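Residue-level structural notes
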Amino acid sequence: MKTKYLAMGLLAIVTFALSAGTLNAETSIKCATTTSLQNSGLLDYILPLYKKKTGIRVDAVAVGTGAAIEIGKRGDADFVFVHAKELELKAVQDGYFINRMEFMYNDFIIVGPANDPAKIKGIKAASESFEKISKSGSLFISRGDNSGTHVKELSIWKESGINPKEQSWYLEAGQGMSKTLRLAFEKYAYTLTDRSTWLMSREKQELLLLLEGDPILINHYSVMAVNPEKNPTAKYKEAMEFINWVTSKEGTDAIREFKDKAGNQLFYIIEKH
């Protein structure tokens with residue numbers, strides 16, 4: 001009889017422990033995103049806010065947009081948070097993602113050494129500045145990683161009518177934005193960067209902002225969910241809960257409030273009319 005009650009007691013303990021473990025298990029989802037959102041500190045700001053509200057942890061891996069989209073296509077993420085419209089629309093058209101929402105932006109800028117050897121300061125068009133960099137033979141560092149920044153840079157070279165590939169003055173870093181900025185600083189070179197990463201890494205490099213304001217440099221960000229019909233293991237419901245939150249008034253207000261140490265707003269919301 002004692003053995004029977006002992007077994008029943010052990011079973012009750014095990015059942016309670018398993019039940020408690022289930023209740024306490026933390027729900028998590030995976031996000032593939034861009035280095036600019038990581039380097040700027042935005043993810044470290046908004047993801048804890050979301051977890052506090054919902055209890056859901058968002059695990060983010062920050063790579064170039066091209067790589068982030070590939071991660072999502074493989075089913076190794078539940079949603080992506082990226083900034084290369086053409087790549088995004090192609091992935092949606094191919095059925096890998098659904099519910100794409102383009103909702104915030106910042107901008108790209110061209111930065112370079114203080115002595116500005118190509119004399120691009122004061123130029124208004126990004127393509128014209130690239131043309132001057134090319135003609136002067138001044139060093140240009142490209143991310144070269146199929147990121148949103150790299151895709152934008154290549155579109156500007158195309159507009160300028162110049163193919164920089166295999167030119168002695170054109171180097172591909174194959175790195176994220178922070179490391180590319182550091183390399184450009186070390187080599188007294190020009191590069192294209194998103195403004196937020198440049199602002200957040202100015203303590204590590206002294207590249208000057210030489211060109212801004214060209215409409216081609218607007219940098220839009222989107223979120224989109226992995227299509228569960230393509231990848232049945234994707235946590236579609238949870239991914240959409242985050243997407244709906246980050247694009248809601250609560251989420252966008254948090255993004256508006258996010259600033260660097262100097263009080264600069266780093267990301268802006270696309271206003272609906």
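Residues numbered from 1 in each chain as written. Predicted model: local features only at pLDDT ≥ 70, side-chain atom pairs only at ≥ 80, totals over all residues. Heavy atoms only, no water.

1. Topic: the packing of aromatic side chains
Under the counting rule described, the total for this entry stands at 15 aromatic pairs. Arranged with centres 5.4 Å apart and planes meeting at 35°, the rings of Y45 and F258 form a pair that is tilted. A residue pair is termed long-range when its members are at least 10 positions apart, and Y45 in helix α3 (residues 42-54) and F258 in the loop between α11 (249-257) and β10 (268-269) qualify at 213 residues. A residue is classified by how much of its surface remains accessible, and F258, at 7% relative accessible area, is buried. Pairing Y50 with W245 gives two aromatic rings, centres 5.2 Å apart and planes at 50°, and the pair type is tilted. Of this pair, Y50 sits in helix α3 while W245 sits in helix α10 (residues 236-246), and the two are 195 residues apart along the sequence. The same class applies to Y50 as to W245, namely buried. Through a chain of ring-to-ring contacts, three or more aromatic side chains come together here, namely F130, F140, W157, W169 and Y170. Positioned above the aromatic ring of W198, the side-chain terminus of R202 is 5.0 Å from the ring centre. The residue whose ring lies beneath K230 is Y96, and the NZ or CZ to ring-centre distance is 4.5 Å. (Phe/Tyr/Trp six-rings, centres within 6.5 Å; stacked < 30°, edge-to-face > 60°. Helix = DSSP H or I, 4+ residues; strand = E, 2+ residues; numbered from the N terminus. Buried < 20%, exposed > 50% of the residue type's maximum accessible area, 1.4 Å probe, protein only. Lys NZ or Arg CZ within 6 Å of the ring centre and 35° of its normal.)

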